[in-house]
Amino acid sequence: MASWLSQWEVALLEPRPRALSWTPPVYLFARKNGMLGFLSARQAGLDDPLHLQRAESTRRYHPDVHKYSVETVQWYPHDTGMFTSSSFDKTLKVWDTNTLQAADIFNFEETVYSHHMSPVATQHCLVAVGTRAPKVQLCDLKSGSCCHILQGHRQEILAVSWSPRYDYILATASADSRVKLWDVRKASGCLITLDQHNGEKSQAAESANTAHNGKVNGLCFTSDGLHLLTIGTDNRMRLWNSSNGENTLVNYGKVYNDSRKGLKFAVSCGCSSEFVFVPYGSTIAVYTIYSGEQITMLKGHYKSVDCCVFQSNFQELYSGSRDCNILAWIPSLNEPVPDDDGTSTRSHLNPAFEDAWSSSDEEG
Amino acid sequence: MSRKRPRPGAEPLGLRRRRAGGRAEADAPGGAAGARGAGGGPPGPGAARAAVAELGRLFPRGLFEDALPPIALRSQVYSLVPDRTAADRQLKELQEQGEIRVIQLGFDLDAHGIVLTEDYRTRAAGQRRSAHCPRCRELVASCAWSWEIRRQAVLGMVRKAKYRELLLSELLGRRAPASVRLGLAYHVHDLIGAQLVDCVPTTSGTLLRLPET
């Protein structure tokens, strides 16, 4: 895939969107001042612009509205009847989409940085929650209790992510530079702590057994669940084999990251070579996952980008930024024509979209 | 929106010289032989080794009383071999085969110095036959410390320029500040490979620009 994406409709939102989640055909976004909203996306054919319309949002006087910045939102993985949101006001709220009321509220002792529900699990309804406390809490949506705790980290948990391959495997990333993989059925601690040096003892003592040389604030499994990408404040992104915790040593170069909270990045699903889309300042950097090559930087936002989410059905990327915009990025269907080529009057269509049928007008 | 296809990443210094058909720029390295096969394919297997040899030639002899072997830096290898993953893999193979040694330059966990083993042995043999003699370690430490100062000095030259960008040819043509003893080309390779400056191809040559972030 050579030429990349063009941006389309811009939805102006204020204040800034902090988190995005999608399930076709509706987008859910979270705002910094605690409000939530929906955007409905309709697509009528490849040539028409994508229309994003604000369908509904909570208002400031809503009784269940979050008091502080909403950090993470997620649709219930199996249908759109429910979604969850977690916020700096130390709560995780479970919402009923149709009535837009909070169906359940989980309270925590510390601010919540991140939460995640397993996209594949059918045996359990656990939500993993990462807070400023060094323990990971699992809340059960069926019973409403959250007494299952995973101990092991030493500082705040900045990102959590369930594996898209196995029901019970969870990855957590913390400010203590460590990333741990857990099987939540096991009582005795984590399965693997990722080590960037793969066990070589010759490195400096303080970086032993750490995944990054700084806080780890982003986690994303690849769509098949076999690899895990982590991103840290040491400006590095690393790719790990999720079955044995080995650092694959793919080098993406400097991936600038100054976020003090979690960084939400996305991987593609269904492309021939998978891509990862990482917010990089006010642009989005696109890398090929397994070779580490930087494909391009998507420029369009005016301030720093906070979150990206990829929709695999239409192969689109949505990004939210501090400039109060959400941008939709689509793959470019036409090869870009050089500006100085005055002879070509017809833009060259990507060969994948050309048909090989002859026109019936030409025959006979 | 610009319709031109954006060029991802920078082209290495050496590669530009080579493809220009030997346009003479005496103070820049002559081109990384073998770093790119046809100027577009993946790096050949000898690319990292050729890069280390090339960079070793840039290191000024006679510095530090001739007691140090020519040290190349990992970030410099990245500027000559753009595919970092392949460069890392080749350097690791060379290290396992015993052809190079990788030294941690104390202050920064990512700063690694690369020395060809034969150079290392000749120098160490000239000392007291001990590969870890205190004098060697002192020299490496002082080299590392002075290298960091010089690197910031060269970066400062770009920072002070108007619009914080400078043509590569202009930077190399300037008189190096008196403190920079390792040579401007040496430090420029390091800055490019460590992504402390962005390389922007222009019609007047490569432009070095400080990143906005």
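The model shown is predicted, which means the values in this text are computed figures rather than measured ones.

(A) Structural context of the overall build of chain B. When you go through chain B residue by residue, the secondary structure sums to eight helices and six strands. Sequence-ordered secondary structure for chain B, helices as α and strands as β, is α-α-β-α-α-β-β-α-α-β-α-α-β-β. Within the span of chain B, comprising 213 residues, buried residues form 46% of the whole. Counting only contacts in chain B whose residues sit at least 6 apart along the sequence, the fraction spanning at least 24 positions is 61%. Accessible surface for chain B amounts to roughly 11000 Å². Of this, 50% is attributable to carbon and sulfur atoms.

(B) The arrangement of the packing of aromatic side chains in detail. Residues and elements named next belong to chain A. Within this structure, the stated rule accounts for six aromatic pairs over all chains. When the centroid spacing of 5.6 Å and the interplanar angle of 70 degrees are considered together, the rings of Trp75 and Phe83 count as edge-to-face. The class for Trp75 is buried, based on a relative accessible area of 4%. Given a relative accessible area of 1%, Phe83 falls into the buried group. Centroid distance Tyr256 to Tyr280: 6.2 Å. Interplanar angle 45 degrees. Geometry classified as tilted. Remark: Tyr280 occurs in strand 23 (residues 275–280) and Tyr256 occurs in the loop between strand 21 (246–247) and strand 22 (266–267); sequence separation between them is 24 residues. Through pairs of rings, three or more aromatic residues link up here, namely Trp75, Phe83 and Trp95.

(C) Structural detail: the packing of helix 2 (residues 47–58) of chain B against helix 4 (residues 84–97) of chain B. Residue and element names in this part refer to chain B. Where helix 2 contacts helix 4, the axes come no closer than 8 Å and their chain directions differ by 80 degrees. What the angle tells us is that helix 2 and helix 4 run roughly perpendicular. Only Ala87, Gln90, Leu91 and Leu94 of helix 4 make contact with helix 2, whose side of the interface consists of Ala47, Ala48, Arg49 and Val52.

(D) Looking closely at the sheet that holds strand 9 (residues 101–107) of chain A. Residues and elements named next belong to chain A. Spatially, the four strands line up as an open sheet ordered 6-7-8-9, and their pairing is antiparallel. Each having just a single partner strand, strand 6 (70–75) and strand 9 make up the two edges of the open sheet. Going from strand to strand, the sheet's axes swing by 20 degrees on average, the running direction of each strand aside. Summarising the sheet, strand 6 and strand 7 (residues 82–87) pair through five bridges and their orientation is antiparallel. Bridge pairing links Val70 to Ser87 in strand 7.

(E) Geometry of the environment of Ser142 of chain B. Residues and elements named next belong to chain B. Structurally, Ser142 can be placed in helix 6 (residues 134–160). Exposure remark for Ser142: the relative accessible area of 29% places this residue in the partly exposed category. Separated by 24 residues in the primary sequence, Ser142 and Leu166 place their C-alpha atoms 29 Å from one another.

(F) Region of interest: the side chain of Gln74 of chain A. Residue and element names in this part refer to chain A. Counting through the fold element by element, Gln74 comes out in strand 6. The exposure class assigned to Gln74 is buried, which follows from its relative accessible area of 12%. Within polar-contact distance, the side chain of Gln74 engages the backbone nitrogen of Met117 at 2.7 Å.

Rules of the game
- Residues numbered from 1 in each chain as written.
- Chains lettered and ligands numbered in written order.
- Predicted model: local features only at pLDDT ≥ 70, side-chain atom pairs only at ≥ 80, totals over all residues.
- Heavy atoms only, no water.
- Helix = DSSP H or I, 4+ residues; strand = E, 2+ residues; numbered from the N terminus.
- Buried < 20%, exposed > 50% of the residue type's maximum accessible area, 1.4 Å probe, protein only.
- Contact = heavy atoms within 4.5 Å.
- Areas by Shrake-Rupley, 256 points an atom, 1.4 Å probe, with all protein chains shown as cover.
- Phe/Tyr/Trp six-rings, centres within 6.5 Å; stacked < 30°, edge-to-face > 60°.
- Axes fitted to C-alpha atoms, helices over the stretch in contact; angles between N-to-C directions.
- Parallel < 35°, antiparallel > 145°, perpendicular 65-115°, else oblique.
- Pairing = 2+ DSSP bridges.
- Polar contact = N/O pair within 3.5 Å; in protein donor to acceptor, adjacent residues only side chain to side chain.

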